[in-house]
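Single-letter residue listing:
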Amino acid sequence: MILIEQGYLVLPTGVMQGTIAIENDTIVEVAPHIEAKPGDVRIDAKGRYVLPGGIDTHTHFEMTNAFATTADDFESGTKAAIMGGPRRLLILHRLLKNLC
C-alpha cells in the first residue's frame with residue numbers, strides 16, 4: 001500500500017490534514033491518520049496540498065497565440081499527466097488548424 005501522509009487534503013467537503021491510502025491504483029482510505037504496516041510505501045506530504053482524483057479543467061495543447069506557445073502537444077502533455085499530474089484532463093481543442 002502507498003500512504004501519502006500528513007498533507008493538506010483538498011476534498012469535496014473541504015481541506016483537512018491527513019493521510020491517503022492507495023492500493024492497486026485506487027484510493028482505499030482517507031483519514032486524519034492511517035497506521036503504516038511493514039512493506040507500505042510512505043510519502044511525506046507535510047506542508048503540501050494533495051488533490052486526490054483532481055481534474056485539470058483548463059488544458060491547452062498545441063496552441064500558439066499572440067502571447068505564447070504551449071510547451072506540450074497532445075502526446076507529450078498526456079504522457080506528463082499520466083506520470084504525475086491530474087487524474088483527468090479536459091482539453092480545449094482547436095477547431096481546425098487552418099482556421100486558427
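Refer to the structure printed above.
The rules behind each value
- Residues numbered from 1 in each chain as written.
- Predicted model: local features only at pLDDT ≥ 70, side-chain atom pairs only at ≥ 80, totals over all residues.
- Heavy atoms only, no water.
- Phe/Tyr/Trp six-rings, centres within 6.5 Å; stacked < 30°, edge-to-face > 60°.
- Helix = DSSP H or I, 4+ residues; strand = E, 2+ residues; numbered from the N terminus.
- Buried < 20%, exposed > 50% of the residue type's maximum accessible area, 1.4 Å probe, protein only.
- Polar contact = N/O pair within 3.5 Å; in protein donor to acceptor, adjacent residues only side chain to side chain.
- Contact = heavy atoms within 4.5 Å.

Enquirer: Honestly, the packing of aromatic side chains in this entry has me stumped. Any pointers?
Expert: Aromatic rings in a pair are described by how distant their centres are and how their planes are angled relative to each other. One pass over the structure, following the stated rule, counts one aromatic pair. For the pair Tyr8 and Tyr49, a centre-to-centre distance of 5.4 Å together with 35° between the ring planes defines the contact as tilted. Residue Tyr8 is located in strand 1 (residues 2–11), and its partner Tyr49 is located in strand 5 (residues 49–50); the two are separated by 41 residues in the primary sequence. The class for Tyr49 is exposed, based on a relative accessible area of 58%.

Enquirer: Is there a simple way to explain the side chain of Thr19 in this structure?
Expert: When you line up the elements, Thr19 lands in strand 2 (residues 14–23). Among the polar contacts listed, one links the side chain of Thr19 to the side chain of Gln6, at a separation of 3.4 Å. Excluding residues within four positions of it along the chain, Thr19 makes contact with Leu3, Ile4, Glu5, Gln6, Leu9, Glu29, Val30, Ala31, Pro32, His33 and Ile34.

Enquirer: Would you mind showing me how to read unusual backbone geometry here?
Expert: Positioned with a positive phi, Gln6 is a non-glycine residue whose angle comes to about 60°. Examined against the element boundaries, Gln6 turns out to sit in strand 1. Among the residues examined, Gln6 registers a relative accessible area of 26% and is labelled partly exposed. Although it is not a glycine, Asp25 adopts a positive phi angle of roughly 65°. Within the secondary structure, Asp25 is located in the loop between strand 2 and strand 3 (26–31). Among the residues examined, Asp25 registers a relative accessible area of 70% and is labelled exposed.

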